[in-house]
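Listed here are the chains, written in short residue letters.
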Amino acid sequence: MKFHIVTIFPEFFRGPFEHGVVHRAQSAGRLEIQIHDLRNWTYDRHRTVDDRPFGGGEGMLLKAQPLFEAVEAIFPERAPRAQRASQPDGTPGQKVLLLSAQGRRFTQAVAREFAALNALVLICGRYEGVDERVAEHLADDEVSIGDFVLSGGELGAAVIVDAVARLLPGVLGNEDSTRNESFSEENEGLFDCPQYTRPAEFRGWRVPDVLLGGNHEEIKRWRRAASREKMQRLRPDLSGSREKRQN
Ligand code: 9D3
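An account of the accompanying structure is given in this report. (Residues numbered from 1 in each chain as written. Predicted model: local features only at pLDDT ≥ 70, side-chain atom pairs only at ≥ 80, totals over all residues. Heavy atoms only, no water.)

**Quick notes on a nonpolar patch on the surface**
Which entries qualify depends on this criterion: To count toward a patch, a residue needs a relative accessible area above 30% and no salt bridge. Like charges then connect within 9 Å, nonpolar side chains (Val, Leu, Ile, Met, Phe, Trp, Tyr) within 5 Å. Computed with a 1.4 Å probe, the accessible areas rest on the Shrake-Rupley method; for each residue, only the protein chains presented here act as cover. The salt bridge definition used is simple: a Lys or Arg side-chain nitrogen within 4 Å of an Asp or Glu carboxyl oxygen. Numbering of helices and strands runs from the N terminus, with a helix taken as a DSSP run of H or I at least four residues long and a strand as a DSSP run of E at least two residues long. Between buried and exposed lies partly exposed: a residue is buried under 20% and exposed over 50% of the maximum accessible area for its type, with that area taken using a 1.4 Å probe on protein chains only.
Together, Phe9, Phe12, Phe148, Leu150 and Leu155 line one region of the surface with nonpolar side chains, adding up to about 440 Å² of accessible area. In this fold, phenylalanine 12 is placed in the loop between β1 (2-7) and α1 (20-27). Given the relative accessible area of 31%, phenylalanine 12 is considered partly exposed.

**Regarding the site of the ligand**
The condition is simple: Any residue with at least one heavy atom within 4 Å of a molecule or strand is counted as near it. Throughout this description, a polar contact denotes any pair of N or O atoms lying within 3.5 Å of each other; where both atoms belong to protein, one of them has to be capable of donating a hydrogen while the other can accept it, and for residues adjacent in sequence the pair is counted only when both atoms sit in side chains. Under the grouping applied here, Gly and all other residues not named as nonpolar or charged are polar, the nonpolar ones being Ala, Val, Leu, Ile, Met, Phe, Trp, Tyr, Cys and Pro and the charged ones Asp, Glu, Lys and Arg.
Taken together, 16 residues surround the ligand, and among them Glu128, Ile145, Gly146, Phe148 and Leu150 come closest. Between the ligand and isoleucine 145 there is a distance of 3.0 Å, counted from a nitrogen atom to a backbone nitrogen or oxygen. With respect to the ligand, the backbone of leucine 150 contributes an N or O atom lying 2.8 Å from an oxygen atom. Isolated, the ligand exposes 560 Å² of accessible area, and the fraction of that covered by the protein chains is 76%. The element best represented in the shell around the ligand is strand β5 (residues 94-105), accounting for three residues. Split into classes, the residues belonging to the shell around the ligand amount to eight nonpolar, seven polar and one charged.

**So, the nonpolar core**
One recurring pattern in soluble globular proteins is that nonpolar side chains are buried together. Stated precisely, the cut-off is as follows: Side-chain atoms within 4.5 Å link the members of a nonpolar core, which is a set of buried Ala, Val, Leu, Ile, Met, Phe, Trp, Tyr and Cys residues. Any two residues whose heavy atoms approach within 4.5 Å at even a single point are treated as in contact.
Counting 30 residues, the largest nonpolar core has Phe3, Ile5, Phe106, Phe114, Leu122, Ile160 and Val164 as its most contacted members. Those elements that provide at least two residues to this core are β1, α1, β5, α3 (108-115), β6 (119-124) and α5 (154-165). No other element matches α5, which puts seven residues into this core. When sequence neighbours within four positions are dropped, the list of residues in contact with leucine 122 reads Phe3, His4, Ile5, Val6, Leu97, Leu99, Ala157, Ile160 and Val161.

**Thoughts on the sheet that holds strand β3 (residues 50-51)**
In sheet architecture, strand pairing relies on hydrogen bonds along the backbone and comes in two forms, parallel and antiparallel. Selection rule: What makes two strands pair is DSSP finding at least two bridges between them.
Spatially, β3-β4-β7 is the arrangement adopted by the three strands of the open sheet, whose pairing is mixed. This sheet does not close on itself; its edge strands, each paired only once, are β3 and β7 (129-130).

**Describing the sheet that holds strand β8 (residues 141-144)**
Applied cut-off: A fitted line through C-alpha atoms represents every axis, and for helices the fit uses only the stretch in contact; the resulting angles, taken between N-to-C directions, go from 0 to 180 degrees.
Within the open sheet, the five strands sit side by side as β2-β1-β6-β5-β8. Their pairing is parallel. Looking along the sheet, the strands with just one partner apiece sit at the ends: β2 (32-37) and β8. In this sheet, adjacent strand axes meet at a mean angle of 30 degrees when their direction is disregarded. Note that β1 and β2 share six bridges and pair parallel. In the strand pairing of β2, histidine 4 is matched with glutamine 34.

**Some details on the pattern of salt bridges**
Per the stated rule, a full pass over the model turns up 13 salt bridges. As a salt-bridge pair, arginine 206 and aspartate 209 come within 3.4 Å of each other at their nearest N and O atoms. The exposure class assigned to arginine 206 is partly exposed, which follows from its relative accessible area of 46%. The residue arginine 235 makes a salt bridge to aspartate 237 at a minimum N-O spacing of 2.8 Å. Using a relative accessible area of 29% as the deciding quantity, one classes arginine 235 as partly exposed.

**Brief notes about the side chain of glutamate 154**
Looking at the secondary structure, you find glutamate 154 in helix α5. Residue classification places glutamate 154 among the buried positions, given a relative accessible area of 0%. For glutamate 154, the side chain forms a polar contact with the side chain of threonine 7, separated by 2.6 Å. Setting aside its immediate chain neighbours within four residues, glutamate 154 contacts Thr7, Ile8, Phe9, Phe12, Phe13, Cys124, Gly125 and Arg126.

**Observations concerning the packing of aromatic side chains**
Selection criterion: Between rings of Phe, Tyr and Trp, where Trp is taken as its six-membered ring, a pair exists when centres lie within 6.5 Å; planes separated by under 30 degrees are stacked, by over 60 edge-to-face, and by other angles tilted.
A full pass over the atoms with the stated rule returns four aromatic pairs. Plain terms: the ring middles of phenylalanine 13 and phenylalanine 17 are 5.7 Å apart, the flat faces sit at 20 degrees to each other, and that makes the pair stacked. For phenylalanine 13, a relative accessible area of 3% puts it in the buried group. Judged by its relative accessible area of 6%, phenylalanine 17 is buried. Put simply, the rings of Phe12, Phe13 and Phe17 pair up and form one aromatic cluster.

In structure tokens:
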């Protein structure tokens, strides 16, 4: 899978992708990440990427033109959206995403959806926003990583790359290791259970006795109950019937 990130801060991404799963996925050839400096598609002396909003208002917006030209350079074969009557979602296997605070919420289900693609362009917003024609006529989808205000899309892009990369086949050493965790389908959405490692007593706090004994049926029952209790306490929104949950 190939990720393209369009940003005015290309240096931002030198760190986060050089560690852990995302780094290994690149080394293994399962994942390619290309960073594109938005200023490459500006032609004035100051390499201007932003301008003032029509109608007035605070701050600056990212201009449409450099963003359109960047995406057209990345996907030259891609038809303009207006001409895509038969394929309104664009070329199969490719997607252009605008990261914004107003987007649809990025969840594990969305991560799985993206992991099935061959190529994904992530457009990072900055300043007070992005010319709306980017959302209307360039992006296939507009995504937010949560209900809080960031200062730009770069952290969102890094989050999405991480969450998608670890789902790619052959990326995690153990092919099944995504199976037993909180948001997968196989365990009915249960939280990870509380876990402990040595020593059995630390500063007077003992590991639950049941985990030290070898009764695997009893351990299984304890884990199920403990994860339910913790989920009910920390994530009552995910607790309860499976039908209520959207991931
Ligand atoms: C709060 C009102 N506006 C700021 C004057 C809107 C606004 C514009 C740009 C809010 C945030 C941003 C920058 N944020 C992102 O580009 C962003 C984001 C986010 O803020 N929250 C969650 N996910 C994302 S993905 C991109």
